[in-house]
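Observations on the model geometry
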Amino acid sequence: MSFAKGCLSVAALLALGSAAFAQADTKSAPDDTVLRVCAANQPPLSMKDGSGLENRIVSAVAEAMGRKAQFVWSDKAAIYLVRDGLEKKTCDVVIGLDADDPRVLTSKPYYRSGYVFLTRADKDLDIKSWSDPRLKEVSHMVVGFGTPGEAMLKDIGRYEEDMAYLYSLVNFRAARNTYTQIDPARMVSEVVANKADVAVAFAPDVARYVKDSSQPLRMNPVPDDTVRSDGQKVPQSFDQSMGVRRDDQALKTALDAAIAKARPQIEAILRQDGVPVTPVSN
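Residues numbered from 1 in each chain as written. Predicted model: local features only at pLDDT ≥ 70, side-chain atom pairs only at ≥ 80, totals over all residues. Heavy atoms only, no water.

Bringing the packing of helix α4 (residues 148–155) against helix α5 (residues 159–168) into the picture now. Orientation of α4 relative to α5, taken along the N-to-C sense of each, is 135°, at an axis distance of 9 Å. As summarised for this structure, α4 and α5 are arranged oblique, according to the angle between their axes. Across from Glu 150, Leu 153 and Lys 154 in α4, the residues of α5 making contact are Tyr 159, Asp 162 and Leu 166. Among the residues forming the contact of α4 with α5, the class breakdown is three nonpolar, no polar and three charged. (Axes fitted to C-alpha atoms, helices over the stretch in contact; angles between N-to-C directions. Helix = DSSP H or I, 4+ residues; strand = E, 2+ residues; numbered from the N terminus. Parallel < 35°, antiparallel > 145°, perpendicular 65-115°, else oblique. Contact = heavy atoms within 4.5 Å. Nonpolar A, V, L, I, M, F, W, Y, C, P; charged D, E, K, R; others polar.)

Take the pairing of strand β1 (residues 34–40) next. Of all seven residues that make up β1, seven are buried, and the element is covered over most of its length. In β1, alternate side chains face the same way, and those of Val 34, Arg 36, Cys 38 and Ala 40 on one face and Leu 35, Val 37 and Ala 39 on the other are all buried. For the segment spanning β1, helix α2 (residues 53–64) and strand β2 (residues 68–74), crossover handedness is right-handed. Across two bridges, β1 lies against strand β3 (residues 93–98) in parallel orientation. Its bridge partner lying in β3, Val 37 is registered against Val 93. (Buried < 20%, exposed > 50% of the residue type's maximum accessible area, 1.4 Å probe, protein only. Right-handed = clockwise from strand over helix to strand, strands pointing away. Pairing = 2+ DSSP bridges.)

What follows deals with the side chain of Arg 103. Within the secondary structure layout, Arg 103 lies in the loop between β3 and β4 (105–106). Looking at Arg 103, its side chain comes within polar contact range of the side chain of Asp 101, at 2.8 Å. (Polar contact = N/O pair within 3.5 Å; in protein donor to acceptor, adjacent residues only side chain to side chain.)

Tracing the sequence through the fold places Asp 49 in the loop between β1 and α2. We classify Asp 49 as exposed; its relative accessible area is 59%. There is a polar contact of 2.7 Å between the side chain of Asp 49 and the side chain of Ser 51.

So this is what it looks like as structure tokens:
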């Protein structure tokens, strides 16, 4: 449930309201045969039918622990899972967090991936860097609000001309006061339909749609040494971890061991969805 990745600040988003969780009985004694996973519907990473990338990964990890993953579903965005699920103890682990998330105690990373340039394979537009001059000449570009892609779109001076287009993809809802993001499937379909020449997205968010597309597409990683014109580095790759409450060292230790044990299954799941990965940083 990857939702940090340079998106809107956690503090600002948490001020927007509470999330509701569906949980049968949160006051009963802990059941060490299950792993209660805080979950939000966020295709293709987390889906209520269990087919999401992160659903399958955490199920493999739970199995390595000798447990069964039990998803505790929220009706709000994944950004609220720590505050309204983990901290209220309706669930015990949040998946798909950046490894340096300060709100939680994080497990060892279980994979690392990053942002990609997405283009049609039949176009002579093999973008590999934000310094490519063609980015100033292409038609629309699709980037997520509050992401490294948006930061760089502003840096190269394209944001104003693409702003109305981007907001049209979310029915002109303002991202300033609500957690608003363009559906990853929509980002891919805009490129497929030639409505945008380039999309810049977090690879796990779009990899499944790219793999399943009848129109061949290319994904090129955005270089990790990307810098703005003022010299400030803009990170593009992120270690993904599981988060538990900061006082739950025992569960963190158990997750670390299970992640190591389930490594072959995790790697197979990532390959199945076509997610490009790089070695974790620690």
